[in-house]
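Each chain, written out:
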Amino acid sequence: MSGPLFLVLRILLTASLYAFLGWAFFLLWQDIRQQAMLLALRKVPPISLMIQREGSAAQIRHFNQPEITIGRDPACECPLNDETVSARHARLSYHHGQWWLEDLNSTNGTRLNQEPVSTPTVIISDDEIGCGKARLTVIMAGDNLMPPTQKLPEEEKPA
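What this report covers is the structure whose coordinates are included nearby.

**Brief notes about unusual backbone geometry**
Within the chain, histidine 96 stands out as a residue other than glycine whose phi angle is a positive 55°. Relative to the assigned elements, histidine 96 resides in the loop between strand S5 (90-95) and strand S6 (98-103). A relative accessible area of 72% means that histidine 96 is categorised as exposed. Of note in this structure, aspartate 126 is not a glycine but carries a positive phi near 70°. Structurally, aspartate 126 can be placed in the loop between strand S9 (121-123) and strand S10 (128-131). Using a relative accessible area of 62% as the deciding quantity, one classes aspartate 126 as exposed.

**Focus: the sheet that holds strand S2 (residues 59-63)**
The strand order across the open sheet built from 6 strands is S2-S1-S11-S10-S7-S8, with neighbouring strands paired in antiparallel fashion. Edge positions in the open sheet fall to S2 and strand S8 (115-116), since each of these has one partner strand only. Two strands pair when backbone bridges link them, and strand S7 (residues 110-112) and S8 are joined in this way by 2 bridges, in the antiparallel orientation. Bridging across to S8, leucine 112 finds its partner in glutamate 115.

**A short note on the nonpolar core**
Across soluble globular proteins, you tend to see nonpolar side chains buried next to one another. Formed by 22 residues in total, the largest nonpolar core has its most connected members in Cys78, Leu80, Leu92, Ile123 and Leu136. Counting residues per element, the ones that place at least two in this core are strand S1 (47-52), strand S3 (67-71), S5, S6, S10 and strand S11 (134-140). Top element by residues in this core is S11. It accounts for 4 residues.

**Here we look at the sheet that holds S5**
Read across the sheet, 5 strands follow the order S4-S3-S5-S6-S9 without closing on themselves; strand pairing throughout is mixed. Of all strands in the sheet, those bounded by a partner on one side alone are strand S4 (78-79) and S9. Pairing geometry for S5 and S6, over 6 bridges, is antiparallel. Following the sheet pairing, tyrosine 94 is matched in S6 by tryptophan 99.

**Focus: the pairing of S6**
Burial along S6 is one-sided: the face carrying Trp99, Leu101 and Asp103 is buried and the face carrying Gln98, Trp100 and Glu102 is not. Where S5 folds back onto S6 in an antiparallel hairpin, the turn is made up of 2 residues, including histidine 96, whose phi is positive at roughly 55°. Where S6 and S9 come together, 3 bridges link them in antiparallel fashion. When the bridges of S9 are listed, tryptophan 99 appears paired with isoleucine 123.

**Concerning the pattern of salt bridges**
Going through the model one piece at a time under the given rule, you end up with 3 salt bridges. Put simply, arginine 91 and glutamate 67 hold a salt bridge, and the shortest N to O gap is 3.7 Å. Residue arginine 91 is located in strand S5, and its partner glutamate 67 is located in strand S3; the two are separated by 24 residues in the primary sequence. A residue is classified by how much of its surface remains accessible, and arginine 91, at 19% relative accessible area, is buried.

**Details of the packing of aromatic side chains**
Applying the stated criterion across every chain, the model contains 3 aromatic pairs. Aromatic side chains phenylalanine 26 and tryptophan 29 sit 6.1 Å apart centroid to centroid with 35° between the ring planes, which places their arrangement in the tilted category. Separated by 3 residues within a single helix, phenylalanine 26 and tryptophan 29 lie in helix H1 (residues 2-41), roughly one turn from each other. Judged by relative accessible area, which is 40%, phenylalanine 26 ranks as partly exposed. Seen in terms of ring centroids, tyrosine 94 and tryptophan 99 are 5.4 Å apart; in terms of plane orientation they differ by 55°. Their pairing is tilted.

Criteria and thresholds
- Residues numbered from 1 in each chain as written.
- Predicted model: local features only at pLDDT ≥ 70, side-chain atom pairs only at ≥ 80, totals over all residues.
- Heavy atoms only, no water.
- Helix = DSSP H or I, 4+ residues; strand = E, 2+ residues; numbered from the N terminus.
- Buried < 20%, exposed > 50% of the residue type's maximum accessible area, 1.4 Å probe, protein only.
- Pairing = 2+ DSSP bridges.
- Core = buried A, V, L, I, M, F, W, Y, C linked by side-chain atoms within 4.5 Å.
- Salt bridge = Lys/Arg side-chain N within 4 Å of Asp/Glu carboxyl O.
- Phe/Tyr/Trp six-rings, centres within 6.5 Å; stacked < 30°, edge-to-face > 60°.

Functional significance is not addressed by these values, which are geometric in nature.
See below:
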């Protein structure tokens, strides 16, 4: 009598073990899928650069990629036609939730708000980047999306 009972118990134990392993793998798969979806939704916020050169009108360029190279080289994402700008002058990169400016060992140096840039530096909207004689003003996308502030109606005063 005990032989068939032990056989049934062994079968139930084996089935419950396989059920537990299946449930654990299903939860792991769901977690990996959820993390992949979160990473796919994380996008680089757009940034715009208003380029001002001596003797020419301002030009606005819009970017959506996480890295923008500024320089005289036509292969740069933001090419500048200026002799005072190096071929690969500076780099804007998005990481750690912020935009960073980095000088790429340019001949004339890169300036942020009239200060020389020697290490990667966080930039914000309305910062001015100086590359040679060219001036670039940073415009963050969030600034354009903010609704204008509305005046609240004044309370009526009792007469």
